Amino acid sequence: MNVLTGLLPAATALGAGGLLYGLTITALAATSVFARTPARRRDARATLTLLLHRPPAAPASPAAAKIEA
């Protein structure tokens, strides 16, 4: 019983960290979609890419590449 009592703070901290990470990802995803300026959307997408450990996506078309530049 004593071992389980010792694990409770660690489990609570791990759960709080996971919740904070999830909220951060959600906020960045919303920012990358709803930001007013293209620069802010681009920065939010770049940060989201770093947090999710994904390679950056290639532009879908030459027109999209001009918007992102």
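These figures come from a predicted structure and were not determined experimentally.

Here is what the cut-offs are and how they apply
- Residues numbered from 1 in each chain as written.
- Predicted model: local features only at pLDDT ≥ 70, side-chain atom pairs only at ≥ 80, totals over all residues.
- Heavy atoms only, no water.
- Helix = DSSP H or I, 4+ residues; strand = E, 2+ residues; numbered from the N terminus.
- Buried < 20%, exposed > 50% of the residue type's maximum accessible area, 1.4 Å probe, protein only.
- Areas by Shrake-Rupley, 256 points an atom, 1.4 Å probe, with all protein chains shown as cover.
- Expected span 1.5 Å × (residues − 1).
- Patch = residues over 30% accessible without salt bridge, like charges linked within 9 Å, V, L, I, M, F, W, Y side chains within 5 Å.
- Salt bridge = Lys/Arg side-chain N within 4 Å of Asp/Glu carboxyl O.
- Contact = heavy atoms within 4.5 Å.
- Axes fitted to C-alpha atoms, helices over the stretch in contact; angles between N-to-C directions.
- Parallel < 35°, antiparallel > 145°, perpendicular 65-115°, else oblique.
- Left-handed = near helix turned anticlockwise from the far one by under 90°.
- Nonpolar A, V, L, I, M, F, W, Y, C, P; charged D, E, K, R; others polar.

Chemist: Give me the overall build of the protein: which residues, what numbers.
Modeler: When you go through the protein residue by residue, the secondary structure sums to three helices and zero strands. Helices and strands in the protein line up, N terminus first, as α-α-α. The buried share of the protein, reckoned over its 69 residues, is 9%. For the protein, the exposed area adds up to about 5700 Å²; of that, 72% sits on carbon and sulfur atoms.

Chemist: Give me the lowdown on helix α2 (residues 38–52), citing residues and values where you can.
Modeler: Owing to its 3.6 residues per turn, the α-helix aligns residues three or four sequence positions apart on the same side. Between its first and last C-alpha atoms α2 spans 21 Å; for 15 residues at 1.5 Å apiece the expected length is 21 Å, and the two agree. Histidine 53 sits one or two positions beyond α2 and adopts a positive phi of about 55°.

Chemist: I'd like a description of helix α1 (residues 2–34), backed by residues and values.
Modeler: Taking 1.5 Å as the rise per residue, α1 with 33 residues should run 48 Å; its terminal C-alpha atoms sit 49 Å apart, in good agreement. Within α1, burial applies to Ile25, Leu28 and Ser32.

Chemist: Go over a nonpolar patch on the surface, please, and point to the residues and values.
Modeler: Together, Val3, Leu4 and Leu7 make up a nonpolar patch on the protein surface, roughly 330 Å² of accessible area in all. The topology assignment puts leucine 4 in helix α1.

Chemist: Tell me about the side chain of serine 32, and name the residues and values.
Modeler: Considering the arrangement of structural elements, one finds serine 32 in helix α1. Once you skip the residues sitting within four places of it in the chain, serine 32 turns out to touch Arg41, Ala44, Arg45 and Leu48.

Chemist: Any details on the environment of arginine 42? Residues and values, ideally.
Modeler: In this fold, arginine 42 is placed in helix α2. A sequence separation of 10 residues divides arginine 42 from serine 32, and the C-alpha atoms of the two residues are 6.9 Å apart.

Chemist: I'd love a proper account of the packing of α1 against α2, names of residues and values included.
Modeler: Between α1 and α2, whose axes approach to 8 Å, the crossing angle comes to 150°. In terms of orientation, α1 and α2 fall into the roughly antiparallel class. Crossing geometry of α1 relative to α2 is assigned as left-handed. Residues Tyr21, Thr24, Ile25, Leu28, Ala29, Thr31, Ser32 and Val33 of α1 pack against Arg41, Ala44, Arg45, Thr47, Leu48, Leu51 and Leu52 of α2. In terms of residue class, the contact of α1 with α2 is made up of nine nonpolar, four polar and two charged.

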